[in-house]
Amino acid sequence: MDARPNSPEARDISYHMHGYTNARKHEEAGPLVIEKGDGIYVEDLAGNRYIEAMAGLWSVAVGFSEKRLVDAAVRQMSKLPYYHDFGSKSHSPLIDLAEKLVQMAPVPMSKAYFTNSGSEANDTAMKMIWYRSNALGQPARKKIISRIRGYHGVTIASASLTGLPNNHNSFDLPIGNVLHTSTPHHWREALPNESEGEFSSRLADDLEKLILAEGPETIAAFFGEPIMGAGGVIVPPAGYWEKIQAVLSKYDILLVADEVICGFGRTGEMFGSQTFGIRPDIMVLSKQISSSYLPISALLINEKVFGPIADESNRIGTFGHGFTGGGHPVAAAVALENLKLIEERDLVGNARRVGAHMQERLRKFASHPLVGEVRGVGLIAAVELVGDKANKTPWETAGALGGLVNGFMQQNGVISRNMGDALAFCPPLIITEPQVDQVIEAFERSLEAAAGQVGSPS
Ligand SMILES: Cc1ncc(COP(=O)(O)O)c(C=O)c1O
């Protein structure tokens, strides 16, 4: 880090409070200031180039220098830089994007509703679900079930849906009416000799027990990511979604698929719901919708959700919810162009093909003494690092080895991210096989460097 008092790093320490950062450690270590992007690469102030193997925050599908998105933004900015959708107002990019998303949906959807972030979209989903229960004359049906280690964002409602301690501790969360059920992580949670199918059945039983204990008439919806992302890239075991959905239909509970990471090709299908046979009532979309060039998110809702909400808005006089920036025309124009690129360049097929290569190369590390599990689908994966392979326990403290390897990755020219000891890989969907090989070689060097420090045989 450049320690001169007026350096960008020093000014960052002086003036900027970071998200998801230890604020005191940051005062010592300072930031990594990223100055520009090019394809799958980003470059820091000192001119060091990195492969961005997390696509920013799981989001930059088309890479960091897509001129067509820049042009789409400039065109829209010059024509109509801002408008909204309150009081029946609309604009062309929003109409085009709503139509496009409803047509892309893997199950029949009725309407698209626009927000600015994944968190806002999940908050909105929760409010829509409560509003609908009231509309249906079922005011007791307000509880929402999500999962331990699920991630749905950080606003008060969506952080409550999130099932991770760092999002609850000292924030006085979760709020009431949010319940958490078991994590579908076979490697960590299965009983000895329990097959994936048996484990999935046990988790569906857990869910049913929770519903019965709370009273089925009080449960409104279940929220889940097709693959859990920030919880450590947890791929559901065989039969999981089928069995969970059978329980939800039995008690007429809505299903919300949080596709914020999986949506738009990440798993090798357009949506994670297709990869896992999920039939949601609401889909939550963000990140790769615009490759995060501009903030935009959306909910797709089916007629079962829209119908009662529309009637209730008629009874009250309005649907009293909306955001100033929701469906911003420039963000919507960028999203439309981004979706066009994903289709034209068959980035979903690329995620499938290059993803298969990435998965195969990563799985070769499964026998390494510091690797507990390698998991993933398409272009999303994690390597779970352990200190004691047999007992699946961490080296020193939880997250220490993950942090160590992640640090070596950066020194080796690759930006990855450790969620505790799970080191995640989620590169832009434009990545090629030779570029995946560079990521893997950096990982191999980083793992060996860590092994040297940990004192483990490699
Ligand atoms: C599955 C999922 N849902 C919701 C969110 C929250 O999105 P945002 O950070 O845009 O609020 C995220 C963010 O990583 C996510 O991964």
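For the structure, see preceding data.
Everything numeric in this text was worked out from a predicted model, so none of it was measured.

A.B. asks: It is not clear to me how the overall build of the chain should be interpreted in this structure. Could you clarify?
C.D. replies: Broken down by element type, the chain carries 16 helices and 15 strands. Against the globule reference of 23 Å for 458 residues, the chain gives a C-alpha radius of gyration of 22 Å, in line with a compact fold. Projected onto the principal axes, the alpha-carbon positions of the chain cover approximately 65 × 60 × 45 Å. For the chain, buried positions account for 55% of its 458 residues. Contacts spanning at least 24 positions in sequence make up 69% of the contacts within the chain whose residues lie at least 6 apart. Taken as two groups, the 42 positive and 52 negative side-chain charges of the chain have centres that lie 3 Å from each other.

A.B. asks: Can you walk me through the nonpolar core in this structure?
C.D. replies: Most often, soluble globular proteins have nonpolar side chains that are buried together. Counting 67 residues, the largest nonpolar core has Leu101, Phe264, Ile342, Leu362, Phe425 and Phe443 as the members making the most contacts within it. Those residues in contact with Leu101, other than ones at most four positions away along the chain, are Phe114, Phe264, Leu285, Ile289, Ala298, Leu300 and Leu339. Of all hydrophobic cores here, the second largest spans 33 residues; its members include Leu179, Phe199, Val247 and Ala424.

A.B. asks: I would appreciate a short explanation of the site of the ligand in the present structure.
C.D. replies: What surrounds the ligand is the set Ser117, Gly118, Ser119, Asn122, Tyr151, His152, Gly153, Glu225, Asp258, Val260, Ile261 and Lys287. A distance of 2.7 Å separates a nitrogen atom of the ligand from a polar atom in the side chain of Asp258. Relative to its unbound accessible area of 390 Å², the ligand is 84% covered by the protein chains. With 3 residues, the top contributor of residues to the shell around the ligand is helix α6 (residues 118-135). A class-by-class count of the residues in the shell around the ligand yields 3 nonpolar, 6 polar and 3 charged.

A.B. asks: Is there a simple way to think about the pattern of salt bridges in this case?
C.D. replies: Under the criterion given, the structure shown has 19 salt bridges. Salt-bridge contacts for Glu194 lead to Arg202; the nearest nitrogen and oxygen are separated by 2.7 Å. For Glu194, a relative accessible area of 12% corresponds to the buried category. In this structure, a network of salt bridges that share partners links the residues Arg68, Glu337, Lys340 and Glu344.

A.B. asks: Teacher, can you tell me more about the pairing of strand β6 (residues 178-181) here?
C.D. replies: Consecutive residues of a regular strand have side chains that alternate between opposite faces of the sheet. Summarising the sheet, strand β5 (residues 143-147) and β6 pair through 4 bridges and their orientation is parallel. Residue pairing in the sheet places Ile145 in a bridge with Leu179 of β6. The β-α-β motif built from β5, the intervening helix α7 (residues 156-161) and the parallel element β6 has right-handed crossover chirality.

A.B. asks: Quick question: what am I supposed to make of the sheet that holds strand β12 (residues 380-385) here?
C.D. replies: Hydrogen bonds between backbone atoms are what pair the strands of a sheet, whose relative direction is either parallel or antiparallel. If you trace the 4 strands from one edge of the open sheet to the other, you get β11-β12-β15-β14, paired in antiparallel fashion. Each having just a single partner strand, β11 (371-377) and β14 (417-419) make up the two edges of the open sheet. Strand-to-strand twist of the sheet, defined as the mean angle between neighbouring strand axes without regard to direction, takes the value 25°. Of the pairings in the sheet, the one linking β14 to strand β15 (residues 422-425) comprises 3 bridges and is antiparallel in character. In the strand pairing of β15, Asn418 is matched with Leu423. Contacts between helix α15 (residues 400-411) and the sheet are confined to β12, β14 and β15, with β15 contributing the most and set at about 35° to the helix. Relative to the sheet, helix α16 (residues 433-454) contacts β11, β12 and β15, its axis offset from that of β15 by approximately 165°.

Parameters at a glance
Residues numbered from 1 in each chain as written. Predicted model: local features only at pLDDT ≥ 70, side-chain atom pairs only at ≥ 80, totals over all residues. Heavy atoms only, no water. Helix = DSSP H or I, 4+ residues; strand = E, 2+ residues; numbered from the N terminus. Rg over C-alpha atoms; globule rule 2.2 N^0.38 Å. Buried < 20%, exposed > 50% of the residue type's maximum accessible area, 1.4 Å probe, protein only. Contact = heavy atoms within 4.5 Å. Lys, Arg positive; Asp, Glu negative; His and termini not counted. Charge placed at Lys NZ, Arg CZ, Asp CG, Glu CD. Core = buried A, V, L, I, M, F, W, Y, C linked by side-chain atoms within 4.5 Å. Near = heavy atom within 4 Å. Polar contact = N/O pair within 3.5 Å; in protein donor to acceptor, adjacent residues only side chain to side chain. Areas by Shrake-Rupley, 256 points an atom, 1.4 Å probe, with all protein chains shown as cover. Nonpolar A, V, L, I, M, F, W, Y, C, P; charged D, E, K, R; others polar. Salt bridge = Lys/Arg side-chain N within 4 Å of Asp/Glu carboxyl O. Pairing = 2+ DSSP bridges. Right-handed = clockwise from strand over helix to strand, strands pointing away. Axes fitted to C-alpha atoms, helices over the stretch in contact; angles between N-to-C directions.

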